[in-house]
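Single-letter residue listing:
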Amino acid sequence: MRNFDEELKELGVTCLHVGGKLEKKMPVEGAVFEIEDSMCMCYISLENPTRQEIDAVQKQAVDVRLTSVDGVLFVCLNIGGVLFFDMPFNMCLYDRFRLEEPARHGFIMLIVLTDQNTNEIKALRGIGFDESFSRKLYELCRKQWDEGVADYSAKLRAVNANYTTRQLMQKCCARFVADGNRLCSCVRDEDEEDEI
């Protein structure tokens, strides 16, 4: 019997499916945002995820917000009011800039929920960002890449000490909501202080 996962792996293609194992192992529970060739990835690892958490990733509204504090970019996530994460992201940790400028298209983010104990994939979901949200993500990453972030670790610790996830979400400069068939996006200039 053919093993398509192995054949794809030999071709350099990663196949993700519910019930399969994720090769990437997260050291602790939580969420990580990464970018690979203009594809956004959100890896969530929970110890024994509940049915409610799995259902939230698969079916509930996904509220994604971008917040930049002192050069530190956060991708904040609210999934169905069940799961909340603030994921710091630093494009400067990559060997090259990994986003193409969005031109009449948006980026895709794949959400992968795994069991921390077994690394088994419990849920997968793809979200397509619209052009305005994608452009804001691109601009924030480009600025971070071009200017760098001096003392990144110290700045990250300071932000984490002074802001809760909810506060970071309120401070956002861009928001995208995917709720069933409804997509909603809002982007503001960085100098505006009102909540989105």
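All of the points below concern the structure found in this document. (Residues numbered from 1 in each chain as written. Predicted model: local features only at pLDDT ≥ 70, side-chain atom pairs only at ≥ 80, totals over all residues. Heavy atoms only, no water.)

Topic: the pairing of strand 6 (residues 108-115)
Alright, step 1. For strand 6, the buried fraction is high: seven of the eight residues fall into the buried class.
Alright, step 2. Summarising the sheet, strand 6 and strand 7 (residues 121-128) pair through seven bridges and their orientation is antiparallel. Of the residues in strand 7, the one forming a bridge with Leu 110 is Gly 126.
Alright, step 3. Counted along the chain from strand 6 to the antiparallel partner strand 7, the turn is five residues long, and its residue Asn 119 has a positive phi close to 65°. (Buried < 20%, exposed > 50% of the residue type's maximum accessible area, 1.4 Å probe, protein only. Helix = DSSP H or I, 4+ residues; strand = E, 2+ residues; numbered from the N terminus. Pairing = 2+ DSSP bridges.)

Overview of helix 2 (residues 51-59)
Alright, step 1. The complete set of buried residues in helix 2 reads Glu 53, Ile 54, Ala 56 and Val 57. The buried residues of helix 2 all sit within an arc of 160° when viewed along its axis, so they share a single face. Away from its buried face, by an angle of more than 90 degrees, helix 2 presents the exposed residues Arg 51, Gln 52 and Lys 59. (Arc of directions from axis to C-beta.)

Structural notes on the pattern of salt bridges
Alright, step 1. This model, assessed by the stated rule, comprises twelve salt bridges.
Alright, step 2. With its nearest N and O atoms 3.1 Å apart, the salt bridge here joins Glu 101 to Arg 135. Placement of the pair is Glu 101 in the loop between strand 5 (83-89) and strand 6 and Arg 135 in helix 3 (residues 131-147), with a sequence separation of 34 residues.
Alright, step 3. Among the ionic pairs, Asp 146 bridges to Arg 142, the shortest N-O distance being 3.4 Å. Residue Asp 146 and its partner Arg 142 are located together in helix 3, separated by four residues, close to a single helical turn.
Alright, step 4. Because the salt bridges share partners, they merge into one network encompassing Glu 36, Asp 95 and Arg 98. (Salt bridge = Lys/Arg side-chain N within 4 Å of Asp/Glu carboxyl O.)

Remarks on the pairing of strand 1 (residues 30-36)
Alright, step 1. Note that strand 1 and strand 2 (residues 39-46) share seven bridges and pair antiparallel. Considered in strand 2, the bridge of Glu 36 is made with Met 39.
Alright, step 2. Connecting strand 1 to the antiparallel partner strand 2 that follows it, the hairpin turn spans two residues, and Asp 37 within it adopts a positive phi of roughly 50°.

Re unusual backbone geometry
Alright, step 1. Positive phi, normally seen in glycine, also occurs at Ser 38, with a value near 65°.
Alright, step 2. Looking at where Ser 38 falls in the secondary structure, it is placed in the loop between strand 1 and strand 2.
Alright, step 3. Residue Ser 38 is classed as buried on the basis of its relative accessible area, which comes to 17%.
Alright, step 4. Although it is not a glycine, Asp 151 sits at a positive phi angle of roughly 55°.
Alright, step 5. If you trace the backbone, Asp 151 turns up in the loop between helix 3 and helix 4 (152-162).

Structural notes on the packing of aromatic side chains
Alright, step 1. Evaluated as defined, the whole model comprises seven aromatic pairs.
Alright, step 2. Ring geometry for Phe 89 versus Tyr 94: centroids 5.8 Å apart, planes at 40°, classification tilted. Take Phe 89 and Tyr 94: they sit in the same class, and that class is buried.
Alright, step 3. Among the aromatic residues, ring-to-ring pairing joins Phe 33, Phe 89 and Tyr 94 into one connected group.
Alright, step 4. Sitting above the plane of the Tyr 43 ring, Lys 24 keeps its charged end 5.3 Å from the centroid.
Alright, step 5. The cationic tip of Arg 142 hangs over the ring face of Phe 97; the distance from NZ or CZ to the ring centre is 3.8 Å. (Phe/Tyr/Trp six-rings, centres within 6.5 Å; stacked < 30°, edge-to-face > 60°. Lys NZ or Arg CZ within 6 Å of the ring centre and 35° of its normal.)

Focus: the sheet that holds strand 1
Alright, step 1. Pairing in this open sheet of four strands is mixed, and the strands run 1-2-6-7 from one edge to the other. On the outer flanks of this sheet lie strand 1 and strand 7, each paired with one strand and no other. On average, each strand axis in the sheet is tilted by 15° relative to the strand beside it, whichever way the strands run.
Alright, step 2. Bridge analysis of strand 2 against strand 6 gives eight bridges, and the strand direction is parallel. Pairing of Met 39 across the sheet is with Ile 108, part of strand 6.
Alright, step 3. Across the sheet, helix 2 lies against strand 2, strand 6 and strand 7, angled at about 25° from strand 7, the strand it touches most. (Axes fitted to C-alpha atoms, helices over the stretch in contact; angles between N-to-C directions. Contact = heavy atoms within 4.5 Å.)

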